Amino acid sequence: MGLLSIENARLRFGGIVALDDVSLDVAEGTIAGLIGPNGAGKTTAFNVITRLYRLESGDVVFDGRSLRRTPPSRVVQLGIARTFQNVELFPTMTVLENVLVGAHAHARFRRESDLRRSALETLEYVGIERYAHRPATGLPFGTLKRVELARALAASPRLLLLDEPAGGLNHEEVQELGAFIRRLRDELRLTVLLVEHHMNLVMQVSDHVHVLNFGRVIASGPPAEVQRNPKVIEAYLGGDLSSAESAHPVSSAGETA
Amino acid sequence: MATVETRPARLRRDLPQWLRALVRPVPLGLAAACVFLVVGSLLSNDFAQQTVAGLAQGTIFGSLALALVLIYRATEVINFAQGEMAMATTYVAYQLISWGLSYWEAFFATLVVAFVFGVVVQVVFIRPVQHTSVIAVVIVTVGLFILIDGLVTWKWGADLKFMPAPFGKTVYHVGGVAFAQQDLGTLLVSVLSVLLLWALFRFTKLGLAMRAAALRPASARLVGVRVDRMLAIGWGFAAVLGAVAGLMAEPAQYVLQPSLMQPILLYAFAAAVLGGLESPAGAVVGGIALGVFLNLVGQYVGFVTSELRLPFAFAVLLVVLLVKPAGLFGRARVRRV
């Protein structure tokens with residue numbers, strides 16, 4: 001069993017089945033991609049893992065421990081941090097303060113000066129230390145995404161959930177991001193679960209890819225295998241198998257939803 | 001595309017960066033007002049006296065306005081019961097003093113009681129309705145207003161009570177100007193409590209977590225902030241500020257009665273809106289501005305008698321809001337549609 005497992009998760013919103021018997025497993029020290037067309041349930045899965053949504057049935061198990069009774073504010077202390085699709089920073093705080101909020105969560109008893117130093121180091125690690133004392137509003141979108149990443153990293157997580165980190169980035173930035181996500185795995189030994197529309201990125205960095213459609217897992221496996229899976233191609237292209245050879249179910253320009 | 005640069009914009013651009021932030025209508029206006037007050041005070045003793053009295057009164061408005069802003073930022077409603085909560089805690093101080101505590105012992109004990117009171121109000125009355133609708137929370141605060149008023153009248157009666165004066169009756173003479181010790185004391189205590197609270201929010205872990213909880217509850221929760229607890233603590237601190245305002249308002253009115261904070265709450269509303277509801281600094285500046293302005297107008301403009309002060313304050317507020325709808329320190333909310 002992996003570091004994180006979702007087991008037979010089921011969740012409905014009114015009449016819409018958001019997650020329909022979803023099971024997936026993320027092995028420790030790997031990068032897992034979670035893809036699927038819009039509305040397939042990817043962000044819902046994140047919200048279930050971080051306990052913002054409550055499952056009707058099924059379970060989320062992290063490091064051998066069920067999260068069913070964990071309040072959202074405890075999830076990060078167990079070692080799960082996340083970023084958001086639409087960047088959810090604290091607007092009037094400085095970049096450094098934003099990261100400090102993340103650092104406080106896991107280090108209740110460390111000295112404030114140590115925390116500040118490690119927060120600055122985290123900013124340096126993601127390459128935005130020069131913005132440390134700028135307010136978090138008014139910075140470019142790509143920078144804000146890095147601030148969010150730094151805030152998540154500051155909590156020293158074991159599992160990092162990235163919700164569309166490439167959204168709104170240009171081609172070079174996406175390349176940098178891909179290299180960076182691999183660094184997180186290799187240098188920090190992080191396990192990463194990545195929701196992304198940018199197919200090139202997902203296929204390049206993931207060790208394993210899970211595909212959701214209408215709340216169900218329709219495929220699971222190494223990137224090359226998933227790309228050839230007829231069910232996946234059908235989900236993305238609506239049954240048009242003739243263009244299967246392109247191997248890019250979605251244009252690499254990426255949707256930003 | 002060519003952008004048309006206005007003359008003031010061009011002038012501002014050529015300034016060093018630290019100065020650029022100040023060359024805006026609101027800071028400039030405030031600076032002009034300060035110069036006016038200083039020059040006026042140097043020229044006229046009466047003016048100086050009224051200015052100091054106005055400052056003292058203004059800091060009381062400002063404290064209560066700041067309490068309103070804290071709640072507004074945390075819970076996104078105006079707490080209509082804020083004034084009555086302050087009044088009730090002032091009665092607690094009265095009770096403690098009548099049991100034999102000295103004024104200042106009672107003062108600090110009351111602040112502790114106020115904190116607990118604020119936390120309990122949030123947990124018992126606000127939390128259950130918080131996620132239903134804003135209107136529900138507002139109705140609850142209005143209900144609390146009536147409930148607290150009723151309970152205080154039932155417990156202590158509606159007759160006038162008298163408390164010992166916190167500050168002596170000494171009057172200091174500087175040049176020809178007489179400063180009442182009470183005004184100076186009020187000013188000192190209010191400013192000190194506001195500064196302490198500011199430092200708490202600015203420099204402590206708790207303050208940072210409280211700001212995070214108020215700004216973005218969902219993402220604060222996910223980075224490990226216990227949002228519900230932080231909101232309750234926020235209500236506690238707002239109640240403490242209110243208690244300071246109440247305790248400082250009582251000596252200014254010489255008597256304690258259940259209606260103690262009702263006019264002050266209205267001025268605090270005005271101050272908070274003037275400053276821009278979401279801005280703590282704006283609330284304090286708004287309160288002080290209102291206090292000084294009303295005192296000077298009362299002194300020098302004949303027709304503004306004490307009955308006309310409140311309508312006059314709101315007339316001014318209306319004019320300010322017509323020019324700057326988001327308040328002096330507020331930012332216009334721009335929403336993508």
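Computed from a predicted model, the values in this text were never measured in an experiment.

Scoring rules and cut-offs
Residues numbered from 1 in each chain as written. Chains lettered and ligands numbered in written order. Predicted model: local features only at pLDDT ≥ 70, side-chain atom pairs only at ≥ 80, totals over all residues. Pairing = 2+ DSSP bridges. Helix = DSSP H or I, 4+ residues; strand = E, 2+ residues; numbered from the N terminus. Contact = placed C-beta atoms within 7 Å. Axes fitted to C-alpha atoms, helices over the stretch in contact; angles between N-to-C directions. Expected span 1.5 Å × (residues − 1). Buried ≥ 20, exposed ≤ 12 C-beta atoms within 10 Å, placed from the backbone. Parallel < 35°, antiparallel > 145°, perpendicular 65-115°, else oblique. Left-handed = near helix turned anticlockwise from the far one by under 90°. Nonpolar A, V, L, I, M, F, W, Y, C, P; charged D, E, K, R; others polar.

Novice: Help me out: how do you make sense of the sheet that holds strand S1 (residues 4-13) of chain A in this one?
Specialist: As a general point, the strands of a sheet are linked pairwise by backbone hydrogen bonds and lie either parallel or antiparallel. Residue and element names in this part refer to chain A. Spatially, the four strands line up as an open sheet ordered S2-S1-S4-S5, and their pairing is antiparallel. The sheet terminates laterally at strand S2 (16-26) and strand S5 (65-66), the two strands that pair on one side only. Where S1 meets S2, eight bridges bridge the pair, whose relative direction is antiparallel. The residue bridging Ala9 from the neighbouring strand is Val22, located in S2. Its contacts with the sheet put helix H1 (residues 42-49) on S1, S2 and strand S4 (57-62), and the angle it makes with S2 is roughly 70°.

Novice: Explain helix H7 (residues 134-156) of chain B here, please?
Specialist: The α-helix winds at 3.6 residues per turn, so residues separated by three or four positions along the chain end up facing the same way. All names here are of chain B. Here H7 contains 23 residues, and its C-alpha end-to-end distance of 33 Å stays within 8% of the 33 Å for a straight helix at 1.5 Å per residue. Looking only at H7, the buried set comprises Val137, Val140, Thr141, Ile148 and Val152. Packed against the buried residues of H7 are helix H4 (45-75), helix H5 (82-98) and helix H6 (103-130). The positive-phi residue at the C-terminal boundary of H7 is Gly157, with phi of around 85°.

Novice: What should I look at first to understand the packing of H6 of chain B against H7 of chain B in this one?
Specialist: Describing two packed helices takes the angle between their axes plus the distance from one axis to the other. Residues and elements named next belong to chain B. Viewed as axis vectors pointing N to C, H6 and H7 meet at an angle of 150°, and their least axial separation amounts to 8 Å. In this view, H6 runs roughly antiparallel relative to H7, as classed from their interaxial angle. Crossing hand, H6 versus H7: right-handed. Only Ala136, Val137, Val140 and Leu144 of H7 make contact with H6, whose side of the interface consists of Val121, Phe125, Ile126, Val129 and Gln130. Broken down by class, the residue content of the contact of H6 with H7 amounts to eight nonpolar, one polar and no charged.

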